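Working through the structure, step by step
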Amino acid sequence: MMRTWTSVMLFQWAAAQLPTATVWEFKFTDVRSHGGLDGVQLAEVYLYDADGNSLTVVSASNPGGNQSLNRAQTADMAVDGDETNRWLDRSILTPDNQCCGEATLQLTLAEAAAVSEYRFVAAKSTPKRDPISWRFGYRDAADRFVLLSEVVGAT
């Protein structure tokens with residue numbers, strides 16, 4: 001059974017305050033369990049506009065990512081519409097294999113839009129890899145990350 005994060009994990013902003021962008025980004029900085037830590041993982045990520053409509057993600061990337069545990073679990077698996085597929089990234093580990101560094105997931109939309117809400121679906125049977133801390137924002141015209149929100153220690 002998939003674990004879908006709901007109310008606590010949904011983040012909404014007033015539509016009038018939101019910028020529009022084509023590239024939106026999550027920077028994951030901590031996971032549920034450090035025991036046996038080997039990466040951060042998600043089954044699916046959904047982005048929504050202020051009216052609750054799903055935004056079309058045309059591509060996903062994992063800049064600086066490390067798929068050495070499973071080369072098939074690439075960033076595009078987090079937005080393929082199939083909640084049995086997974087994105088897995090070891091780059092959240094620091095160079096000495098401790099927690100926690102940073103793992104980046106970039107989502108590119110079909111057209112510029114304001115993201116008012118997002119939802120994660122956790123990967124099946126790997127709760128230790130569930131993200132609990134992250135920063136969310138977008139890439140501006142100069143390709144700089146612009147922070148919109150930060151979550152630390154979500155349950």
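Everything here concerns the structure above.
First things first, this report covers the structure right here in the doc. (Residues numbered from 1 in each chain as written. Predicted model: local features only at pLDDT ≥ 70, side-chain atom pairs only at ≥ 80, totals over all residues. Heavy atoms only, no water.)

Description of the pairing of strand S10 (residues 145-151)
- The pairing of strand S9 (residues 131-139) with S10 spans six bridges and is antiparallel. Its bridge partner lying in S10, Tyr-138 is registered against Val-146.
- Remark: five residues form the turn of the hairpin made by S9 and S10, two consecutive strands paired antiparallel; Asp-143 in that turn has positive phi of roughly 65 degrees. (Pairing = 2+ DSSP bridges. Helix = DSSP H or I, 4+ residues; strand = E, 2+ residues; numbered from the N terminus.)

Digging into the pairing of S9
- By the criterion of burial, S9 is predominantly enclosed, with eight of the nine residues buried.
- Sheet topology note: the strand S2 (residues 21-31)/S9 ladder contains seven bridges and is antiparallel. Each residue of the ladder has a partner; that of Glu-25, found in S9, is Gly-137. (Buried < 20%, exposed > 50% of the residue type's maximum accessible area, 1.4 Å probe, protein only.)

As for unusual backbone geometry
- For the bond running from Cys-99 to Cys-100, omega is 0 degrees, close enough to zero to count as cis.
- Here Cys-100 lies in the loop between strand S6 (87-89) and strand S7 (103-113).
- In the Ramachandran plot, Asn-97 falls in the positive-phi region, its phi being about 60 degrees despite a non-glycine side chain.
- Relative to the elements of secondary structure, Asn-97 occurs in the loop between S6 and S7.

Digging into the packing of aromatic side chains
- Under the definition given, this model contains 13 aromatic pairs.
- An angle of 55 degrees between the planes, with centres 6.3 Å apart, marks the rings of Phe-28 and Trp-134 as tilted. Residue Phe-28 is located in strand S2, and its partner Trp-134 is located in strand S9; the two are separated by 106 residues in the primary sequence.
- Looking at Phe-28, the relative accessible area reads 0%, which means it is buried.
- Residue Trp-134 is classed as buried on the basis of its relative accessible area, which comes to 0%.
- Members of the aromatic cluster, joined through ring pairs, are Trp-24, Phe-26, Phe-28, Trp-87, Tyr-118, Phe-120, Trp-134, Phe-136 and Tyr-138.
- Positioned above the aromatic ring of Phe-145 is the side chain of Lys-27, whose terminal nitrogen or guanidinium carbon lies 4.9 Å from the ring centre. (Phe/Tyr/Trp six-rings, centres within 6.5 Å; stacked < 30°, edge-to-face > 60°. Lys NZ or Arg CZ within 6 Å of the ring centre and 35° of its normal.)

Some remarks on the sheet that holds S9
- The strand order S5-S7-S2-S9-S10 describes an open sheet built from five strands, whose pairing is antiparallel. In the strand order of this sheet, the two ends are held by strand S5 (57-61) and S10, each with one partner. In this sheet, neighbouring strand axes are inclined to one another by 25 degrees on average, regardless of whether the strands run parallel or antiparallel. (Axes fitted to C-alpha atoms, helices over the stretch in contact; angles between N-to-C directions.)

With respect to the state of the cysteines
- Taken as a whole and judged by the stated rule, the model has one disulfide.
- The disulfide partner of Cys-99 is Cys-100, and the S-S distance across this bridge is 1.2 Å.
- The class for Cys-99 is partly exposed, based on a relative accessible area of 25%. (Disulfide = S-S within 2.5 Å.)

Just distances and angles here, no functional claims.
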